[in-house]
Amino acid sequence: QKEVEQNSGPLSVPEGAIASLNCTYSDRGSQSFFWYRQYSGKSPELIMSIYSNGDKEDGRFTAQLNKASQYVSLLIRDSQPSDSATYLCAVDSGFGNEKLTFGTGTRLTIIP
Amino acid sequence: DGGITQSPKYLFRKEGQNVTLSCEQNLNHDAMYWYRQDPGQGLRLIYYSQIVNDFQKGDIAEGYSVSREKKESFPLTVTSAQKNPTAFYLCASSIGAGTQYFGPGTRLTVL
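Note that the structure is a prediction, hence the values are computed from the model and not measured.

About the cut-offs
Residues numbered from 1 in each chain as written. Chains lettered and ligands numbered in written order. Predicted model: local features only at pLDDT ≥ 70, side-chain atom pairs only at ≥ 80, totals over all residues. Heavy atoms only, no water. Contact = heavy atoms within 4.5 Å. Buried area = accessible area lost by both parts, 1.4 Å probe. Salt bridge = Lys/Arg side-chain N within 4 Å of Asp/Glu carboxyl O. Polar contact = N/O pair within 3.5 Å; in protein donor to acceptor, adjacent residues only side chain to side chain. Helix = DSSP H or I, 4+ residues; strand = E, 2+ residues; numbered from the N terminus. Nonpolar A, V, L, I, M, F, W, Y, C, P; charged D, E, K, R; others polar. Pairing = 2+ DSSP bridges. Axes fitted to C-alpha atoms, helices over the stretch in contact; angles between N-to-C directions. Core = buried A, V, L, I, M, F, W, Y, C linked by side-chain atoms within 4.5 Å. Buried < 20%, exposed > 50% of the residue type's maximum accessible area, 1.4 Å probe, protein only.

Peer 1: Explain the interface of chain B and chain A here, please?
Peer 2: Interfaces are often sized by the accessible area lost when the parts come together. Across the contact, 23 residues belong to chain B and 18 residues belong to chain A. Here chain B packs against chain A, burying approximately 1,600 Å² in sum over the two surfaces, 55% of which is carbon and sulfur. Considering only the surface of chain B that becomes buried against chain A, Ala-97, Thr-99 and Phe-102 of chain B emerge as the three largest contributors, covering 26% of it. Between chain B and chain A we count zero salt bridges in total. Inspection of the chain B/chain A interface yields three residue pairs in polar contact (both at pLDDT 80 or more). Elements with a minimum of two residues in the side of chain B that touches chain A: β4 (31–37), β5 (43–51) and β9 (87–94) of chain B. In the side of chain B that touches chain A, the residues fall into eleven nonpolar, ten polar and two charged.

Peer 1: What am I meant to see in the sheet that holds strand β6 (residues 54–58) of chain A here?
Peer 2: Residue and element names in this part refer to chain A. Read from one edge to the other, the open sheet built from five strands follows the order β1-β3-β8-β7-β6, with strand pairing classed as antiparallel. Edge positions in the sheet fall to β1 (4–6) and β6, since each has one partner strand and no second. Here the strands of the sheet are splayed against their neighbours by 20° on average, with no regard to which way each runs. With three bridges joining them, β1 and strand β3 (residues 19–25) adopt antiparallel strand pairing. The partner of Glu-5 across the bridge, within β3, is Thr-24.

Peer 1: So what exactly am I meant to see when it comes to the nonpolar core here?
Peer 2: A general trend in soluble globular proteins is that nonpolar side chains are found buried together. Judged by nonpolar contacts, the single largest core of 23 residues is most densely connected at Trp-35, Val-72, Leu-74, Ile-76 and Tyr-87 of chain A. Put simply, the parts of the chain that give this core at least two residues each are β3, β4 (33–38), β5 (45–50), β7 (61–66), β8 (71–76), β9 (85–92) and β11 (106–111) of chain A. If near-sequence neighbours (up to four positions away) are discounted, Val-72 of chain A is found in contact with Leu-21, Asn-22, Cys-23, Phe-33, Trp-35, Ile-50, Gln-64, Leu-65 and Cys-89 of chain A. Grouped together as the second largest cluster of nonpolar side chains are 20 residues, Cys-23, Ile-46, Tyr-47 and Leu-76 of chain B included.

Peer 1: Hey, could you run me through the side chain of Ser-73 of chain B in this one?
Peer 2: All names here are of chain B. With respect to the helices and strands, the residue Ser-73 is situated in the loop between β7 (64–66) and β8 (76–78). By relative accessible area, Ser-73 is classed as buried at 11%. Excluding residues that lie within four positions of it along the chain, Ser-73 makes contacts with Cys-23, Glu-24, Met-32, Ser-67 and Arg-68.

Peer 1: What's the story with the sheet that holds β7 of chain B in this structure? I'm lost.
Peer 2: Across a sheet, paired strands are connected by hydrogen bonds in the backbone, their directions being either parallel or antiparallel. All names here are of chain B. In space, the four strands of this open sheet follow the order β1-β3-β8-β7, with antiparallel pairing throughout. Single-partner strands in this sheet number two, and they are β1 (4–7) and β7. Each neighbouring strand pair of the sheet contributes to a mean axis angle of 20°, computed without reference to strand direction.

Shown next as structure tokens:
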């Protein structure tokens, strides 16, 4: 059974600080990695995708991937109250397979 | 205005009743998916379809059925065989093995 593990939180971060969200996965064949943000009662929306080892930056968000350690993270700089949500990590099944496996999510609260 | 629509937003099912959830996309995506989310849980895959007239079971297909007669549409039927159907149901679509985009969801409650 392919697994994606996330710390469920809640993770509390002061406004303006850096929030760090972590995810580990079990399938070494995975090629594509995604971070989704989900507000309470709403559907997930894509924040970042990453496919190669290293960092990928988009505005205040940075995704980091380390395939050797089977680890992917999301950093949120200058955290805002609007960043308070559950963040879902998703990993593909490898070799072009469309299926994604989702973690249970980390609930992030930004404290004003 | 492209996107994924799901209807209804809220649905109530009586014991022993089949209900059908609608999912339509105008993104010209080939692949479509159905997920179930329970409170405090991640998304679990029910069924997915990579092409018209073909679909595969996901991790929790028992008690559910789907059809894919058109590229744009992927309805999900929750049958009476699904004993605990109360959940948030999410439909998604993608271009092949790419990013999945989600509809707004349907919240199903058993009365």
